[in-house]
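So you can see what is in the structure, the chains are spelled out below.
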Amino acid sequence: MRAIWYDRTGPAREVLQLGDRPTPEPGHGQALIRVRASGVNPSDAGMRAGPGAMAYPRITPNSDGAGVVEAVGPGVAASWVGKRVWFYNGQRNGRAFGSAAEYIELDTDLLSVLPDDVSFAEGATLGIPCMTAHRSLFVAGPVQGRTVLVTGGAGAVGHYAVQLAAWAGATVIATVSSEAKAERAWAGGADHVIDYRREDVAARVRELTDGEGVHHVVDVDFGGNLAATLASLRLNGSIAYYATKGARAPATPAGEVMRLNLSINGVYLPVSPHEARRRAQEDITRWIGTGERILSVAGRFPLEDCAGAHELVEAGGKVGTVVVEP
């Protein structure tokens, strides 16, 4: 099969190679998927760029994707063959060879059925972004009837959090940085949108919640947003963050957190509890089946130009997920 790989970290066009590798065979509990679309996440590009050490001597990048099951291994029902699926963790948790290839073999636990009216490219946008959004949204409990603040509500994870929160019956407040991103958050189902570059986020949240604050925050930048986030929460509220680029080691006011009786949860999908990941897969599959969803493909590249896909991700400013189509 044709596949992309790298043997050292560095710039995409310098280290990514296209060539032939043996087509894998599904082992016990596994399925062989013909990859139709491979999703490129910032973490995929970051691992390839370095400066960290190589996790394996040779890596085929990209964790997420979608395709068709062509064969199954021992212990797997034959009914899987021919199913359209979306998957995650293709190049994570002990796996060196990801989805930037014509085929991938995966435990069926990592697969979910892809509805017929969802394209493979759209299916490849789920995986890490949507499952991270789900875990971040529900880690502290149900959100129906509650008010949720999603920071970065137009980003890949944030936009899924907005949509899933609206689907689950929450009142959704989203923060954005431009009018175009505001339109995206509105389209995703946000009830209120705050431009954090022009408005005081905490003051607007208090205004929108009659001074009470929100029940839960899904946060794209724990350290960078901490002051505004704490000022936006009500008593017994909760925070779930999946990044903290604004401050890698923020000083957290422990006394204030204690007085508000807040719970703070860091979310890293690959090591999230298995039952939480299974629930995310089930909920996401049910949600995308409703037809009321926006699955944004930011760019489409052939396997030969996997480097171009990684470069688009690294450039920033994309709307949705970049995909590679073997």
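Our subject is the structure listed above.
Figured I'd write up the structure that's included with this text. Here the residue numbering is sequential within each chain, running from 1 through the sequence in written order. Two thresholds apply to this predicted model, a pLDDT of at least 70 for residue-level local features and 80 or more for giving and counting side-chain atom pairs, whereas whole-chain, interface and lining totals are computed over all residues. Heavy atoms from the whole structure form the basis of all side-chain values; hydrogens and water molecules are not counted.

Turning to the overall build of the protein, a few remarks are in order. Each helix is a run of H or I in the DSSP string that is no shorter than four residues. Each strand is a run of E no shorter than two, and both are numbered from the N terminus. The helix and strand inventory of the protein stands at 11 helices and 15 strands. Counting only C-alpha atoms and orienting by the principal axes, one finds that the protein spans roughly 60 × 40 × 35 Å. Burial status across the protein gives 54% buried among its 326 residues. In the protein, the share of contacts with a sequence separation of at least 24, taken over all contacts with a separation of at least 6, comes to 69%. Counting every atom, the protein has about 13600 Å² of accessible surface; 50% of that belongs to carbon and sulfur. Between the averaged position of the 31 positive side-chain charges in the protein and that of its 35 negative side-chain charges there is a distance of 2 Å. Think of it in three bands: with a 1.4 Å probe and only protein chains considered, a residue is buried below 20% of the maximum accessible area for its type, exposed above 50%, and partly exposed in between. Here, residues are in contact when the closest pair of their heavy atoms is within 4.5 Å. All accessible-area figures derive from a Shrake-Rupley calculation using a 1.4 Å probe, and residue coverage is judged against the displayed protein chains alone. When charges are counted, Lys and Arg contribute as positive and Asp and Glu as negative, whereas His and the chain ends are disregarded. Think of each charge as sitting on NZ of Lys, CZ of Arg, CG of Asp or CD of Glu.

In this structure, proline 51 follows glycine 50 across a cis peptide bond, with omega equal to 10°. In this structure, asparagine 62 is a non-glycine residue whose phi angle is positive, near 85°. The class of asparagine 62 is buried, set by a relative accessible area of 0%. Here the phi dihedral of asparagine 89 falls at roughly 60°; this positive angle occurs in a residue that is not glycine. By secondary structure assignment, the location of asparagine 89 is in the loop between β5 (84–87) and β6 (103–107).

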